[in-house]
Amino acid sequence: MAITAGLQVSPTREIEGSAILTVANLEVVYSRVIVAVQGVSLKVPEHSIVTVLGTNGAGKSTTVRAISGFLPVDDAEIRKGSIHFRGQSIGGLPPYQIARFGIVLVPERRKIFETLTVWDNLRIAHVRNDKPSNWNQQAERLFGVFPALAARREQLAGYLSGGERQMLAIAQGLLCDPKLLIVDELSLGLAPNLVHDLMERIQQLRHEFGISILLIEQDALSAIEIADYGYIMEGGRIVFEGSPEKLRNHKDVQEFYLGSGGDGRTSYREVKQYRRSRRWWG
Amino acid sequence: MGYAHVSLMLVILIQASFYVLLGMGYVLIYRATRVLNLAHGDLMVFGAFLFYQGLVITSGSVPLAITTGILGAALTGAIVYLGLMRPLAGYPVAVGVLATIALAIVLRSVTTAIWSGQTRYPAEYIGQLARPIELVSGLSISAIDAVIVLTALICILGLPLLLRRSAIGVEMRGVSENALLAAQRGINIHSVNALSWAAATVMAAIAGIFFSLKVRLGPDIWYVGLAGFAPALIGGMDSLRGVAIGALIVATAEVLAARFIAPQIALAAPFLVLLVALWIRPWGLFGSREELERI
Amino acid sequence: MRYLNVLPSTLRTSYAREMQLLDSGFAKFWAALGLVLMLGLPFFLTNFWNAVANQIFIAILGALALNLLMGTTGQISLGHAGFIAAGAFTVAAFVTHFNAPMVITLPAALIVGVVLGILVGLPALRLKGLYLAVSTLAAHFVIIAGLAQYQASISYGAGFIISPPSLLGWELGSERAWYYFLLGVALIVLLLHINWLRSAFGRAWMAIHHRDIAAEALGIRVAQYKLLAFSASTALTCFAGALWAYHTGFVSVEAFDIHMLIQFLAMVIIGGLGSVLGAILGAVFVILLPHVITFATEALPFVNDIGGRAFEIQVGLFGVIMLLFLAFEPRGLAGIWARIRFYFELWPFKYRSWEA
């Protein structure tokens, strides 16, 4: 798909059209006793960027693991709810099958093969029934998007910088021919200007490759900038959702996620108390 | 250097080739599943017996018998991984090692139950094995020894290349470094690991076939296969090239001990060398501490 | 989630009670009853089963020693058959060369054990996990080869005959005499063992087991405690080996092959790693299993043809049972026992999360 073709799909600012991924009323339980995520529902429409925001322990990563099929590794299971991808139920399938459906995850940590070269890192991510010529074309295109990688083709990935690792991880994910790319903590450990730059490339990739993107983020400021829709998670539930404008204008979102707004509160303890007592939707 | 020296070096070379075949099996399995496979010796015996069975059934057809041995070994390796090691993934290292010990004794009793503890000589089925090939004037090597050295050479040169260049090799290395990520990239890690186990078991079987043709075949030769972990550890468990050096060191110690000290000591020589080597360099000669730059 | 597993009966309200080994009238009653039963048992056993009971006592010592190292301190050792051999050969050497009595040979075996433990333990300061396991296995083969060499040079490979010993005038001539001697030894060792595990030593070892780096950060001298664990374990193992030599009356290197190692591993795995009760149950189980198999093959007429292959079947069965325990009940027989107790102590309440 050429760039122009991608641009025809104008970024819709309202959630509409057919959803590529639907999570309905998801409940995940660890070790059969600890409920990590409860009643989570979210949708990712085609060709859109959706972001899920939240602090540590909000249940973001658990949700991602449920979608990508990695729950059994941590002795967790989906107790209620469903996950559908393009009309097909994928809850409980093994990870490699989910990957072959077209859901590709760029994980938070250990996202590249450090002992392989950059080129081998890309080579490892091939789709079984794809033609090699097609794959080569894709790889060259990605080197166009991330020229830094092209220069380090034969180097071991373990020697890449944090930003380059993130680029390599995204490139690797894209070579799996995803319909939906899930990026877990793109901003983790990266300088703010680098994050901004990466976010812009993500937007570019969405158009170029015609994919949907689910961004799991703590850095709300930069994620809201490129997203079409956002969810906020706290304590294993989705507590707020809406368009970027709606999120940006909500007082509590400003206070806790965007670091702006606030009316003179200074003490962290006060904030904590406030957080405990206030209700969303109120 | 007299004739005696050269022929002694040839003996060392042959023994080292044998250890190369065994040691690489240990390394392959370790890299794939982080398990030290103490059942390797018994897998070797099992493969050799399959070969022997093939010889008996086909009344002496070597190609068919070798095919039987190799296919059977590959199947056994894959079954061991899928049936036993996969369910134990994620347990502590100790559990994996203990499981392979348990597997070893199960395999040994199965082998003894099927073929009895009797010693056999498959070489009887094949003529011309001891036929000498003259290398230079006055120095010759028997046909079977030549085949052993050649096979080991092919493995030393071919296997690292295969892992470095081929698509499946890259997948194997990826899975061994980060299985979770490999699964996320659409690689069926279990079939890749099963392949590693199958390949290692085939190498063990080949070593077993050579040993049974050169010396003898019986359930008690597992000891020879077990000794193969010494060169693997001396070389560093994550390095295929290290195995070759480790094999040379162990073979030298063993052959010299057998020639100049006592056969009892020669049996323990690989382990003695291993203890010394581990004391000097705990992570092996070529193993990397950080495990960065594996092959 | 370890805290969820505490048995209700192990919760205590005062330090004095925490220090008691038998803290309730109930426990005291059962302990006393058990002791009486153990004292009376030989009168109901034939000479053969008496000998089996004695083997079990010696196996318990060995299993406790191995459990101290593998279960408590988390250091894999595959060399314990070699250490048993070292203990047995210490006795053989002292008896052959000096005609030494038991009061000398047993302490000598302990000293040999301590020295061996330090020798094998020293690499353990640098090696972990897999490499440690391998170095102890290598040590096993080296020890056995050395002893075989010794045996060949002294007795032309025939082995050593050791006549029944006497201890302070008490001749250990019959299996029944051995029973009471070994029962006493086992009880003393058990008491020492349990108290060591409850002391600062035991806690340090457990800390090393869980994470040695964290233990070091908490001020535990990891190197020292690892060496201590190794030498304590090998000393006890050599001691068991010495008793084994006296009880069997014959020492030859063939007895200490890889099957003995597997038996000891089977004891601690089937019993349950890290549990004293498990080590005891495992020893009983492993020693009795061959007899049960023999009994079964004799009782069932249609499996008569197994007769010649009984050894293979027995060994294979060990392997299968070990694998089943590793895969399905890593806490071993002790885990099963705890679960049963847990069920009855909670009754009539059914649910309480059990380590998932």
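Residues numbered from 1 in each chain as written. Chains lettered and ligands numbered in written order. Predicted model: local features only at pLDDT ≥ 70, side-chain atom pairs only at ≥ 80, totals over all residues.

### Thoughts on the overall build of chain C
Right, so step 1: From N to C terminus, chain C includes 14 helices and four strands.
Right, so step 2: Looking at chain C residue by residue over its 356 residues, the buried ones come to 42%.
Right, so step 3: Considering only contacts in chain C between residues 6 or more positions apart, those separated by 24 or more positions represent 77%. (Helix = DSSP H or I, 4+ residues; strand = E, 2+ residues; numbered from the N terminus. Buried ≥ 20, exposed ≤ 12 C-beta atoms within 10 Å, placed from the backbone. Contact = placed C-beta atoms within 7 Å.)

### A few points about the overall build of chain A
Right, so step 1: Regarding its fold elements, chain A presents twelve helices and ten strands.
Right, so step 2: Residues classed as buried in chain A amount to 41% of the 282 residues present.

### Remarks on the interface of chain B and chain C
Right, so step 1: Taken together, the 33 residues of chain B in the interface contact 33 residues of chain C.
Right, so step 2: The set of elements that each furnish at least two residues to the side of chain B that touches chain C consists of α4 (93–115), α10 (229–235) and α12 (263–280) of chain B.
Right, so step 3: Of the residues forming the side of chain B that touches chain C, the biggest block, 15 residues, is contributed by α4(B).
Right, so step 4: The residue makeup of the side of chain B that touches chain C, split by class, is 30 nonpolar, three polar and no charged. (Nonpolar A, V, L, I, M, F, W, Y, C, P; charged D, E, K, R; others polar.)

### Overview of helix α6 (residues 167–177) of chain B
Right, so step 1: With eight of eleven residues buried, α6(B) is to be regarded as a mostly interior element.
Right, so step 2: Summarising the contacts, the buried residues of α6(B) are in contact with α4 (118–123) of chain A together with α1 (3–33), α5 (143–165), α7 (179–184) and α8 (189–214) of chain B.

### Some thoughts on the domain arrangement of chain C
Residue and element names in this part refer to chain C.
Right, so step 1: Domain boundaries assigned for chain C yield domain 1 (45–256) and domain 2 (258–356).
Right, so step 2: Summarising the inter-unit geometry, the C-alpha centres of domain 1 and domain 2 are found 23 Å apart.
Right, so step 3: Taken together, the contact pairs 22 residues of domain 1 with 18 residues of domain 2.
Right, so step 4: Those elements that provide at least two residues to the side of domain 1 that touches domain 2 are α3 (47–72), α4 (80–98) and α7 (175–198).
Right, so step 5: In terms of residue count, the dominant contributor to the side of domain 1 that touches domain 2 is α3 (13 residues).
Right, so step 6: Across the side of domain 1 that touches domain 2, the residue classes tally to 14 nonpolar, eight polar and no charged. (Domains from an automatic or database assignment.)

### Observations regarding the confidence of the model for chain C
Right, so step 1: Here chain C shows a mean pLDDT of 81. Residues at 70 or above account for 85%.
Right, so step 2: Across chain C, element-level confidence peaks in α4(C) with a mean pLDDT of 91 and bottoms out in helix α1 (residues 15–19) of chain C with 66. (pLDDT = per-residue confidence, 0-100.)

### Some remarks on the sheet that holds strand β2 (residues 34–45) of chain A
Residues and elements named next belong to chain A.
Right, so step 1: Strand order in the open sheet formed by four strands is β2-β1-β4-β5, with antiparallel pairing between adjacent strands. In this open sheet, the two strands that pair with only one neighbour each are β2 and β5 (88–89).
Right, so step 2: The pairing of strand β4 (residues 76–85) with β5 spans two bridges and is antiparallel. The residue of β5 that forms the bridge with H84 is S89.
Right, so step 3: Relative to the sheet, helix α2 (residues 60–68) contacts β1 (19–30), β2 and β4, its axis offset from that of β1 by approximately 115 degrees. (Pairing = 2+ DSSP bridges. Axes fitted to C-alpha atoms, helices over the stretch in contact; angles between N-to-C directions.)

### Describing α1(B)
Right, so step 1: For α1(B), which comprises 31 residues, the first-to-last C-alpha distance of 45 Å matches the rise-based estimate of 45 Å (1.5 Å per residue) to within 8%.
Right, so step 2: Downstream of α1(B) by one or two residues, B:R34 has phi in the positive range, about 55 degrees. (Expected span 1.5 Å × (residues − 1).)

### Some words on unusual backbone geometry
All names here are of chain A.
Right, so step 1: One non-glycine residue, R110, lies in the positive phi region at around 45 degrees.
Right, so step 2: Of note, R110 is situated in the loop between β6 (103–106) and α4.
Right, so step 3: Despite not being glycine, D177 shows a phi value in the positive range, around 60 degrees.
Right, so step 4: With respect to the helices, strands and loops of the structure, D177 is situated in the loop between α7 (162–175) and β7 (180–184).

### Things to note about the sheet that holds strand β8 (residues 212–217) of chain A
All names here are of chain A.
Right, so step 1: Read from one edge of the open sheet, six strands run β6-β7-β8-β3-β9-β10, paired in mixed fashion. Whereas interior strands pair on both sides, the edge strands pair on one side only; in this sheet they are β6 and β10 (237–242). If you compare each strand with its neighbour and ignore which way they point, the axes differ by 20 degrees on average.
Right, so step 2: Of the pairings in the sheet, the one linking strand β3 (residues 49–53) to strand β9 (residues 229–234) comprises four bridges and is parallel in character. Paired with V50 across the bridge in β9 is Y229.

### Quick notes on the nonpolar core
Right, so step 1: Core analysis: the largest hydrophobic core is formed by 290 residues, its most contacted members being A:I182 and C:A85.
Right, so step 2: Setting aside chain neighbours within four positions, we find C:A85 in contact with C:I143, C:I144, C:L147, C:G241, C:V253 and C:F256. (Core = buried A, V, L, I, M, F, W, Y, C linked by C-beta atoms within 7 Å.)

### A word on the pairing of β10(A)
Residue and element names in this part refer to chain A.
Right, so step 1: Across five bridges, the pairing between β9 and β10 is antiparallel. Its bridge partner being in β10, I232 is matched across the sheet by F240.
Right, so step 2: Turn length for the β9-β10 hairpin, with the two strands adjacent in sequence and antiparallel, is two residues, and the turn residue G235 shows positive phi of about 55 degrees.

### Points about the environment of B:V56
All names here are of chain B.
Right, so step 1: Looking at the element boundaries, V56 is found in helix α2 (residues 40–57).
Right, so step 2: By the C-beta count within 10 Å, which is 13 here, V56 ends up partly exposed.
Right, so step 3: Between the C-alpha atoms of V56 and P122, which are 66 residues apart in sequence, the distance is 8.9 Å.

### Some remarks on the packing of α1(B) against helix α11 (residues 240–260) of chain B
Residue and element names in this part refer to chain B.
Right, so step 1: Where α1 contacts α11, the axes come no closer than 7 Å and their chain directions differ by 135 degrees. What the angle tells us is that α1 and α11 run oblique. For the element pair α1 and α11, the recorded crossing hand is right-handed. Here α1 contributes L8, V11, I12, Q15, A16, Y19, V20, G23, M24 and V27 to the contact with α11, which in turn contributes L240, V243, A244, G246, A247, L248, V250, A251, T252, E254, V255 and R259.
Right, so step 2: Of the residues assigned to the contact of α1 with α11, the class counts are 16 nonpolar, four polar and two charged. (Parallel < 35°, antiparallel > 145°, perpendicular 65-115°, else oblique. Left-handed = near helix turned anticlockwise from the far one by under 90°.)

### Some remarks on the packing of α2(B) against α4(B)
All names here are of chain B.
Right, so step 1: In contact at an axis separation of 9 Å, α2 and α4 are set at 25 degrees when each is read in the N-to-C sense. The orientation of α2 with respect to α4, classified from their angle, is roughly parallel. Considering the relative orientation of α2 and α4, their crossing is left-handed. Contacts between α2 and α4 involve G41, D42, L43, V45, F46 and F49 from the first element and A104, L107, R108, T111 and W115 from the second.
Right, so step 2: Taken together, the residues of the contact of α2 with α4 sort by class into seven nonpolar, two polar and two charged.

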